[in-house]
Amino acid sequence: NAGVTQTPKFRILKIGQSMTLQCAQDMNHNYMYWYRQDPGMGLKLIYYSVGAGITDKGEVPNGYNVSRSTTEDFPLRLELAAPSQTSVYFCASSFEAGTTYGYTFGSGTRLTVV
Amino acid sequence: TQLLEQSPQFLSIQEGENLTVYCNSSSVFSSLQWYRQEPGEGPVLLVTVVTGGEVKKLKRLTFQFGDARKDSSLHITAAQPGDTGLYLCAGAGGGGKLIFGQGTELSVKP
């Protein structure tokens, strides 16, 4: 039972480069989320999706884009990497809105922009 | 904007001690969750509390939801080194999305 799988685990980008963080879940969850985690700041919501074809901005969406073409996959795209995007990124999914049964998180992608 | 404030931010204790972590807000939440996160991993759900005044126990961990549903606490009895980690509270905000506190980093030394 894989749950939520994120790739890559680690990545170093140069300023201005682009990359896609991959996220896949095998639990048939409709809701998926992308968070970033910075030391002492908790988790900040970047984007979320309530189903295939539907995405919406979270608290800190600038510099990121997402798409949701299937229930299983929810990739996060960084177009022009900046040092401020150095962070640990977590993908999560939930059966309903997550307010009762909670979120299932992936193990994260640690991104450094230099 | 709904915010959750956790205290303390850091806690270092000896094995066997008791501790309490607090999660406070000026907003009302329909439910509140506690997660634990270990280094290099994502958060894992410990408990969800829904009713004001609700108390839930998970072995040595006791979770309480405030009567007004604006605050919560996590109490650990006789802490063990295996309890070490980052503890996050999360409230169900507008639109059903979770809002996370900034976390409490707990270190339990043998």
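Placed above this text is the structure.
Parameters at a glance
Residues numbered from 1 in each chain as written. Chains lettered and ligands numbered in written order. Predicted model: local features only at pLDDT ≥ 70, side-chain atom pairs only at ≥ 80, totals over all residues. Heavy atoms only, no water. Helix = DSSP H or I, 4+ residues; strand = E, 2+ residues; numbered from the N terminus. Rg over C-alpha atoms; globule rule 2.2 N^0.38 Å. Buried < 20%, exposed > 50% of the residue type's maximum accessible area, 1.4 Å probe, protein only. Contact = heavy atoms within 4.5 Å. Areas by Shrake-Rupley, 256 points an atom, 1.4 Å probe, with all protein chains shown as cover. Lys, Arg positive; Asp, Glu negative; His and termini not counted. Charge placed at Lys NZ, Arg CZ, Asp CG, Glu CD. Core = buried A, V, L, I, M, F, W, Y, C linked by side-chain atoms within 4.5 Å. Buried area = accessible area lost by both parts, 1.4 Å probe. Salt bridge = Lys/Arg side-chain N within 4 Å of Asp/Glu carboxyl O. Polar contact = N/O pair within 3.5 Å; in protein donor to acceptor, adjacent residues only side chain to side chain. Nonpolar A, V, L, I, M, F, W, Y, C, P; charged D, E, K, R; others polar.

Undergrad: Break down the overall build of chain B for me, citing the residues and quoting the values.
TA: Helices and strands together make up the secondary structure of chain B, namely 0 helices and 11 strands. If you list the helices and strands of chain B from N to C, you get β-β-β-β-β-β-β-β-β-β-β. For 110 residues, the compact-globule estimate of 2.2 N^0.38 gives 13 Å, and the C-alpha radius of gyration of chain B, at 13 Å, lies within 12% of that figure. Seen through its principal axes, chain B has C-alpha atoms that stretch 40 × 30 × 20 Å. Evaluated residue by residue, chain B yields a buried proportion of 46% over its 110 residues. The contacts in chain B between residues at least 6 apart in sequence include a share of 54% that link residues at least 24 apart. Element-wise, carbon and sulfur atoms account for 51% of the exposed surface of chain B, whose accessible area totals about 5100 Å². Treating the 9 positive side-chain charges of chain B as one cloud and the 10 negative ones as another, the clouds have centres 6 Å apart.

Undergrad: How would you summarise the nonpolar core if you had to cite specific residues and measurements?
TA: Residues and elements named next belong to chain B. Leu19, Leu32, Trp34, Leu74, Ile76 and Leu106 are the most contacted members of the largest nonpolar core, which totals 20 residues. Residue assignment for this core shows that the elements contributing at least two residues are β3 (19-24), β4 (32-37), β5 (44-49), β7 (61-65), β8 (71-76), β9 (85-92) and β11 (104-109). Filtering out sequence-adjacent residues up to four positions away, Ile76 remains in contact with Glu17, Asn18, Leu19, Arg60, Leu61, Asp83, Tyr87 and Leu106.

Undergrad: An account of the interface of chain A and chain B is needed here, citing residue identities and associated values.
TA: Counting from both sides, the interface comprises 20 residues of chain A and, opposite them, 20 residues of chain B. With both sides pooled, the region where chain A packs onto chain B buries about 1500 Å², and carbon together with sulfur makes up 56% of that total. By the criterion of area lost to chain B, the three top residues of chain A are Leu43, Thr99 and Tyr103 of chain A, representing 30% of everything that side buries. Applying the counting criterion to the chain A and chain B interface returns 0 salt bridges. The tally of links between chain A and chain B comes to 6 residue pairs in polar contact (both at pLDDT 80 or more). When contributions to the side of chain A that touches chain B are tallied by element, the ones reaching two or more residues are β4 (31-37) and β5 (43-51) of chain A. With 3 residues, β5 of chain A is the single largest residue contributor to the side of chain A that touches chain B. Residue classes in the side of chain A that touches chain B are distributed as 10 nonpolar, 9 polar and 1 charged.

Undergrad: Before we move on, could you go through the pattern of salt bridges and cite the residues and values that matter?
TA: This structure, assessed with the given rule, holds 6 salt bridges over all chains. Between Glu79 of chain A and Arg77 of chain A there is a salt bridge, with its nearest N and O atoms 3.2 Å apart. On the accessibility criterion, Glu79 of chain A (36% relative accessible area) is partly exposed. Across the pair Glu54 of chain B and Lys56 of chain B runs a salt bridge whose closest N-O atoms are separated by 3.8 Å.

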